[in-house]
Amino acid sequence: MKGILAGLTLLLLVPSMALASTVRTERTLVVAEPIADNAYLAGTDVNVVAALGGDLLSVGGTLTVNAPIAGDAFLAGGTIDVKRPVAGDVRAAGGRIIVEDDIEGDLVLAGGIIDVTGTASSTQIAGGNVRLAGGAGGPVLIYGGEVFLAGEFMGDVEVFASDRLTLGEGTHIHGTLKYNAPQQVGIPTSAVIDGGVAYTGGSSYLPSVEEAKRFAIAGAGVFFVASVLATVIAAGLLAGLFPAFAQRVTERVLSRSPRRFVLHALLGFAIVVATPVLILILLLSFVGTVVAILLALAYFFLLILGYLYAGIIAGAALMRGLLKRSSVSWRSAVLGMFVLYLIGVIPVLGKLVILILGAGAIGAIATIAYRFTFSRSDELEV
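Residue positions within a chain follow its written sequence, with the count starting from 1. Owing to the predicted nature of the model, reporting of local features is limited to residues with pLDDT of at least 70; listing and counting of side-chain atom pairs is limited to 80 or more, with chain, interface and lining totals taken over all residues. Side-chain measures here rest on the full set of heavy atoms in the structure, leaving out hydrogens and waters.

Student: Describe the pattern of salt bridges, and please don't skip the residues or the numbers.
Tutor: Salt bridges are defined by distance alone: a side-chain nitrogen of Lys or Arg within 4 Å of a carboxyl oxygen of Asp or Glu. By the definition in use, this model includes six salt bridges. Among the salt bridges present, the one from E100 reaches K83, with a minimum N-O distance of 3.2 Å. You can see E100 sitting in the loop between β6 (90–99) and β7 (106–116) and its partner K83 sitting in the loop between β5 (73–82) and β6, a full 17 residues away along the chain. Between D115 and R131 there is a salt bridge; the shortest N-O distance is 3.0 Å. One end of the pair, D115, is in strand β7; the other, R131, is in strand β8 (residues 122–132), and 16 residues separate them in sequence. Between buried and exposed lies partly exposed: a residue is buried under 20% and exposed over 50% of the maximum accessible area for its type, with that area taken using a 1.4 Å probe on protein chains only. When its relative accessible area of 35% is taken as the criterion, R131 is described as partly exposed. A cluster of three or more residues bridged by salt bridges with shared partners is formed by D81, K83 and E100. Counting from the N terminus, the helices are DSSP H or I runs at least four residues long and the strands are E runs at least two residues long.

Student: Any details on the pairing of strand β11 (residues 157–167)? Residues and values, ideally.
Tutor: Note that strand β9 (residues 140–149) and β11 share nine bridges and pair parallel. Across the sheet, the residue bridging to G144 is A161, located in β11. Should DSSP find at least two bridges between two strands, the strands are regarded as paired. By the bridge criterion, four bridges tie β11 to strand β13 (residues 177–180) in an arrangement that is parallel. Bridging across to β13, E158 finds its partner in K178.

Student: A description of the packing of aromatic side chains should follow, citing residues and the corresponding values.
Tutor: In this description, an aromatic ring pair is defined by two values, namely the gap between the centres and the angle between the planes. A pair of aromatic rings is counted whenever rings of Phe, Tyr or Trp (Trp by its six-membered ring) have centres within 6.5 Å, and the orientation is called stacked for planes under 30 degrees apart, edge-to-face for over 60 and tilted otherwise. Within the structure shown, the criterion is met by three aromatic pairs. When the centroid spacing of 4.9 Å and the interplanar angle of 35 degrees are considered together, the rings of Y179 and Y199 count as tilted. One end of the pair, Y179, is in strand β13; the other, Y199, is in strand β15 (residues 197–199), with 20 residues separating them in the sequence. Measuring from centroid to centroid gives 5.8 Å for F245 and Y309, while their planes differ by 75 degrees, and the two rings are edge-to-face. Placement of the pair is F245 in helix α3 (residues 243–254) and Y309 in helix α5 (residues 289–323), with a sequence separation of 64 residues.

This is the structure:
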C-alpha cells in the first residue's frame, strides 16, 4: 500500500512541467547547490546561497535569499531578507522584510517593519514602519504608519500614512506625489517632484475600485501563504506532539493490504456524507438542537483532522517509499502537506487524491476511537 501511494504521488507530480519542483524541509536549511526547477522550502532557518532556476516558495522563521532567483518568490516568515536580484515577482508577508536588490517584476509586501533599497517594476506595500529608499521603476502604492521615501521614482507615488510621511534629500519623483497623512510633508529643497504634489488631508479614506482590486489580489496572495504556513505548522505539531497516535493512524492506512485501505476510505467517506444528514435530522426534531450543534462542531473538527492526517499519511508514504523510513516525524508531516498542496493544483485528479487520503485518515481515526471506547477481547478488527 505504501509503495502504491508513494508511486501515485510521484506520478502526479511528474506530468506537468509547471509542477516540476524540489521540496526540502529541515530545521536549519541551507541550499548550497543550484536548483534548476521550482523550489519549495520550509524550516526554522532557511538560507538560499545557490542560484534558483525557477520559482521559490518558502516559509519559516528566518528566510534569507543570498542568490539570484530566475522566477517568482513567494515568502512568508518572521524575518525575510532578499539580498540578491529576482527576475520575477516578489510577494512576501512577515514581521520584518528587507529587500536589498532589484526586482524585475512586481513587489508586493505586507509586514510590520519593511525596508526596501532595491527597485521594482511596480511596488505595493502595506506595513507599520515602511522605508522605501531605493526608488522604483514604476508606480508605487503604500499603506503604512510611518513612511519614508528616498531615491528616484519613475512613476506616480501614492501614500496613505496614519502617522507621518517623510521625504529624503535628493528624492526625485518623475510622476505625481499623492498622499494622505495627519500633517503635510516637509519637502527638502533638493527633492524634485515633476508631476506636482496632491495632499488629500489626514481624514479617513475609502480606496478606489482599482486600489481595492490591487490589494484584494495582494491580500489573496498573503492569505494563501498564511494558510499554507498554518496548515504545515499544524500538521507538524500533530505529528510532533502526538507521535504515537500519528503512527497508529499511518500504520492502519499504509501497513495493511489495499483492501484494508479501501475499507477505511469507504468508512471515512460514509462518515463525511452521513453526518450532515444526521445533523439535519436532529435540527428538524427540535429536541436534538443542542446535540446537533455539538455534533456539527465535532464533525468540523474531524474534517480538519482528516485533512491534516492526509498530509501526514502522504509524507509517511513518501518517506517509506523513497527513504525506507517507517517512523512518522514532524519533518515527514511538513513534507506531506507541501506535497498535498502540489497535488491539489492538478484539476479533478488532485482533489480526488486528497479526498481519498482524507477519507482514509477519517476512517482510521474513527476505527481507533471506536476500539478505544468499546474495546472487547472478542472484538472484530475493522
